[in-house]
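# Overview (structure and organization)
For reference, the chains in residue letters:
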Amino acid sequence: MSTIDEIKQKIDIAEVIGQYVTLKKAGRNLTAPCPFHSEKHASFFVFPERQSWHCFGACATGGDVFSFLMKKEGIEFGEALRILAEKAGVVIPTRVEPGIKKEEKDDLYRASEAATLYFNNLLLNAPAAEKARNYVAKRGFTPKTIADFQLGFSLDAWEALKTHLLERGHSESNILTAGLIYQAENGQTHDRFRGKLMIPIRDSRGRVTGFGARVLDNSLPKYINSPQTPTFDKSATLYGIDLAAAAIRKQDKAIIMEGYMDVIMAHQCGVTNAIASMGTAITETQVNTLKKLSRNLVLSLDADAAGEEAMLRTVVYENVLNAEIRVLLLPEGKDPDEVISEDIGKWQDLVIKAAPLIDFMFAKTIARLDLTTARDKSLAVERLLPVLAAISDPIRQAHYLQKLAGLVKVDMNTIKASLNRLKPSPARRRTPLPKPAIRAVKDPREEYCLALLLQHPELKEHIAEVSPEYFESSENREIFKAYKMAPDVVLLKEQVDPAIHEHLDTIINRNIPALTNNIEPKFLDCALELRRRYLRSLAARKAESAGTEDDQARLEADMEISRQLKELDARRSRKHNSS
Ligand SMILES: [Zn+2]
């Protein structure tokens, strides 16, 4: 059984979703007002038997437990996976990197260093880098800043960097292992970064471990990073640490931002203790690195960015740190680099006013509640108690329990009794409570369709026949979405989370009976079947949820679904008649 299946089997979707909304029973299913859009009538449903959810209202979308968490917390699949794995007590196998010697690693650093110089020189001098120069000028970066951070530009060419490095004696295999080039399916290698603003990422010893690369137009994704390599591990990386370490130690404070550009502008304006976390949340490895420099960490957050689950984990890191983490709240709609470059005094003021993380979570929770009502009082306790349960320092915990008791005007003993019922806290619980085996229904067609698609590159021209929504399993949906963007299967593998690699390999190597010349109709058939299944299950579940939502809207949606189903049936019979 794959790790993902194991997690799905141990996690109950109703319990996870129940932490965000109050679910009510509706026959065999559960219902609540949709947590993603505002509504009066409950059109959000959880189906325990299928371990899935669906919003029949404005969202008109659904999926499994992973996709719920991704949508609710605004996180990627990998992060949702790690959160749920921890909850389920499932260990995610880390990819086994073949042992690499120190000398080999040094070769990788040297190749990346040479690439940094090459990119930097292009940015400063190449006619083709005009657009990139305009971009950095527009951001307001000075020549000194460009030199300090060694910003660069990659030519929009397939072999420019590769040729440059080969000529300087770096071996192709080193350039490949360093993630600077990639190998296509036909064995050819190509430059990974093309036509982008290059941001070298260094470790605390100043060695270039990888790159961030930003597009120079409005295309997405805005940034791509180096893949995981023996020298580059995103979850352990703190961008800017090489330049910020001394200031962090001296000022005894680190400011953690989200983006490269924020850090670069911060340093240019004299905020030299700023670093970036390479993601929306900080990781334990990053906290461990920082705590050697200072225990005073300030997270610079934009008001809505931080998900509750990510925050809850951050509370656990406070225990690792043995100190409070503070939260600097940015004015709505502003990035740190804007605030800093507009008014440094205002920024310094925000740093001073940064509130302890737990206080921030209190404020965030209470802002949405009316504490004069019994219902909202109990909601406040329900949401904040798991946070307080995660605090290991008993004095701090008592302080916040008192704060909570005072806010909801309930005596301390009642709050303490609720806390004891909660323990061990979800954040610290490694082994899950015994649960009836949950077996989500799995449809083999999802994987069959993916296998056809991945094993026969020529089918990619028909990829629009399938929509990500047709896949109920998040791991299949992730692979499909990534393949849509990836030029080939090799790059696809880099783009999906390592935790899905095992599943991806199964699909790529799946034995499909030899289909000589009828691959295309086979695939189109399968795509049609998936679409039909999707519509059918929509219709079936709508029937199950009948009577609880706006009748007119339901009727219209039903009619639309049956119209589409009829159309599919017609297409199918036409096909069968003609073949
Ligand atoms: Zn909704």
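This text goes with the structure placed above it.
Now for a look at the structure at hand. Nothing here was measured: the structure is a model prediction, and the numbers come from that model. By convention here, each chain's residues receive numbers from 1 onward along its written sequence. Owing to the predicted nature of the model, reporting of local features is limited to residues with pLDDT of at least 70; listing and counting of side-chain atom pairs is limited to 80 or more, with chain, interface and lining totals taken over all residues. Note that water and hydrogens are dropped before the side-chain values are worked out from all heavy atoms of the structure.

### Description of unusual backbone geometry
Condition: Each helix corresponds to a stretch of at least 4 residues labelled H or I by DSSP, and each strand to a stretch of at least 2 residues labelled E; elements are numbered beginning at the N terminus.
Even without being a glycine, Gln150 presents a positive backbone phi close to 50°. If you trace the backbone, Gln150 turns up in the loop between α7 (143–149) and β6 (152–153). Even without being glycine, Asn322 reaches a positive phi, approximately 60°.

### As for the coordination of the zinc ion
To keep it simple, the criterion reads: Only N, O and S atoms count as donors, using a 2.8 Å cut-off from the metal and 3.2 Å for Na, K and Ca, and because water is excluded some sites may appear unfinished. By the criteria applied here, four donors are tetrahedral when all angles lie between 85 and 135 degrees, four are square planar and six octahedral when opposite donors are over 155 degrees apart and every other angle lies between 65 and 115, and any other arrangement is irregular. Accessible area is worked out with a 1.4 Å probe on protein chains only. A residue is then buried under 20% of its type maximum, exposed over 50%, and partly exposed in between.
Donor atoms from the polypeptide that bind the zinc ion are Cys34 (SG), His37 (ND1), Cys55 (SG) and Cys59 (SG), placed at 2.0 to 2.3 Å. For the zinc ion, the 4 donor atoms are set out with angles of 100 to 117° between them, so the coordination reads as tetrahedral. Read in sequence order, the donor residues coordinating the zinc ion give the pattern C-x2-H-x17-C-x3-C. One end of the pair, His37, is in the loop between β2 (29–32) and β3 (44–47); the other, Cys55, is in strand β4 (residues 52–55), with 18 residues separating them in the sequence. The class for Cys55 is buried, based on a relative accessible area of 0%.

### Observations regarding the sheet that holds β2
The condition is simple: Paired strands, in this sense, are two strands between which DSSP finds at least two bridges. Axis definition: a line fitted to C-alpha atoms, over the contacting stretch in the case of helices. Angles run 0 to 180 degrees between N-to-C directions.
Within the open sheet, the 5 strands sit side by side as β1-β2-β3-β4-β5. Their pairing is antiparallel. Each edge of the open sheet is held by one strand with a lone partner, namely β1 (24–26) and β5 (61–63). On average, each strand axis in the sheet is inclined to that of its neighbour by 25°, with strand direction left out of account. Across 3 bridges, β1 lies against β2 in antiparallel orientation. Looking at β2, one finds that Lys24 is bridged to Thr31.

### Comments concerning the nonpolar core
Note that soluble globular proteins tend to have their nonpolar side chains buried in a common cluster. To keep it simple, the criterion reads: Definition used in this section: a nonpolar core is a set of buried Ala, Val, Leu, Ile, Met, Phe, Trp, Tyr and Cys residues joined via side-chain atoms within 4.5 Å.
Ile7, Ile17, Phe44 and Leu492 are the most contacted members of the largest nonpolar core, which has 75 residues in total. Residue contributions to this core peak at 10 residues, all from helix α24 (residues 519–544). Of all hydrophobic cores here, the second largest spans 57 residues; its members include Tyr118, Leu123, Ala126 and Val298.

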